[in-house]
Amino acid sequence: MGVDLGDLIERKNIKVEDLSGKIIAIDAYNALYQYLSAIRQPDGKPLMNRRGEITSHLSGLFYRTINLIEIGIKPVYVFDGKPPSLKQKEIEKRKQIREEAERKYIESLEAGEIKEARIYAQQAIRLTDKMVEDAMKLLQFMGIPYVISKSEGEAQAAYLAMKNDAWAAASQDYDSLLFGAPRLVRNLTISGKRKLPRSEAYVEIQPELIILDEVLKKLKITREQLIDIAILIGTDYNPEGFPGIGPKRALSLISIYGNLKKVLSSLKIPYKDYYDEIRNIFLNPQVETSYKLEWNPPDTDRIIDFLCNKNDFSQERILNALNRIKNSTIYSKGQKGLEAWFS
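Notes on the structure in this doc start here. (Residues numbered from 1 in each chain as written. Predicted model: local features only at pLDDT ≥ 70, side-chain atom pairs only at ≥ 80, totals over all residues. Heavy atoms only, no water.)

## A few points about the side chain of S176
Here is the rule: In DSSP terms, a helix is any run of H or I states spanning at least four residues, a strand is any run of E spanning at least two, and both are numbered starting from the N terminus. A simple rule labels every residue: compare its accessible area, found with a 1.4 Å probe on the protein chains alone, to the largest value its type can have, and call it buried under 20%, exposed over 50%, or partly exposed in between. Whether two residues are in contact is decided by their heavy atoms, any of which lying within 4.5 Å being enough.
The topology assignment puts S176 in helix α7 (residues 175–178). With a relative accessible area of 1%, S176 lands in the buried category. Residues in contact with S176, not counting those within four places in the same chain, are E154, A158, A169, S171, A181 and L184.

Spelled out as structure tokens, the structure:
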């Protein structure tokens, strides 16, 4: 879910084409959940192969990645590793929400309430280990690099951007800023027309660019203070936050008192040691530092075998999509120095 900093963060709408020629580190779990949510039948059922295995995530990953490559974006996907122990409470909470949504989904289907069923189906999404493994396998066949983090995927994406191995991190969550991503792109994997929940209306979703230095300058705070604001609001590691404190009040309190410890002292709230642990997760996350980023032309035969023969995708559609990127510049080697990708 991530921390809710939306009321404080200034976002700039951009076009996907504005990212052409740039390396973007994409939060893979975030993207896969989006595909599982969006790519469904009217009654909420996901795409499945003949064996009843869900394939919505593979469809979204394949076609969206093709779109990005065609534009000239060099995607690298980052996957979660082992979550911090402090996240366990949030993980259990999400599990309960999914189980309740799954129960309501079945009830809605039995009652013939199709629209309600689809909404509950989207809330009941589960990303299994096999789905993740299949996503990695597809990326390998497509010649797209991926990195498995030692912990949080957003931290890994931020690390790549901080090391100039990527121009920006891409995720829906603002946590990437807390992890230090100098640039964050939102809506990259869901841009385009999207149907509004509980409505027949559609809205055009555009990518958004957030620059960390500009955010900190406008709010007149440091990154450490932004993390303290997040702890006051509530993060994945202390999801309850503090009652009565939203983004704007948290900013005001930090601006007045300077840090979390002094804010809590002023409110007569005991300071707990695990707040330091939360801050350390954001400032010194566990990430993979040994990785190699290479973009190679897709292996058509292996993609056809995996998507069409094993997962029942249309061979004609898959080949048409691959034809769109066969001359893509992202596979050109030696034509651009690294600095050119960051212009």
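## Considerations on the sheet that holds strand β9 (residues 208–211)
Quick note on the threshold: Only strands that DSSP links by at least two bridges are regarded as paired with each other.
Spatially, 7 strands are ordered β1-β9-β6-β5-β2-β3-β4 in an open sheet, and the strand pairing comes out mixed. Looking at which strands have only one partner, the edges of the open sheet turn out to be β1 (12–13) and β4 (146–148). Where β1 meets β9, 2 bridges bridge the pair, whose relative direction is antiparallel. Note that in β9 the partner of N13 across the bridge is E208.

## Things to note about the pairing of strand β6 (residues 183–186)
Bridge count for strand β5 (residues 168–170) against β6 is 2 bridges, and the pairing is parallel. Bridge pairing in β6 places A169 opposite L184. The pairing of β6 with β9 spans 4 bridges and is classified as antiparallel. Looking across to β9, one finds that R186 is bridged to E208.

## Concerning the pairing of strand β2 (residues 23–27)
Within β2, 5 of the 5 residues are buried, leaving the element largely enclosed by the surrounding structure. What you see with β2 is no split at all: I23, A25 and D27 on one side and I24 and I26 on the other are buried throughout. Alignment of β2 against strand β3 (residues 74–79), held across 5 bridges, turns out to be parallel. Within β3, the position partnered with A25 by the bridge is V76. Pairing of β2 with β5 involves 3 bridges; the strand directions are parallel. Paired with A25 across the two strands is A169, which belongs to β5.

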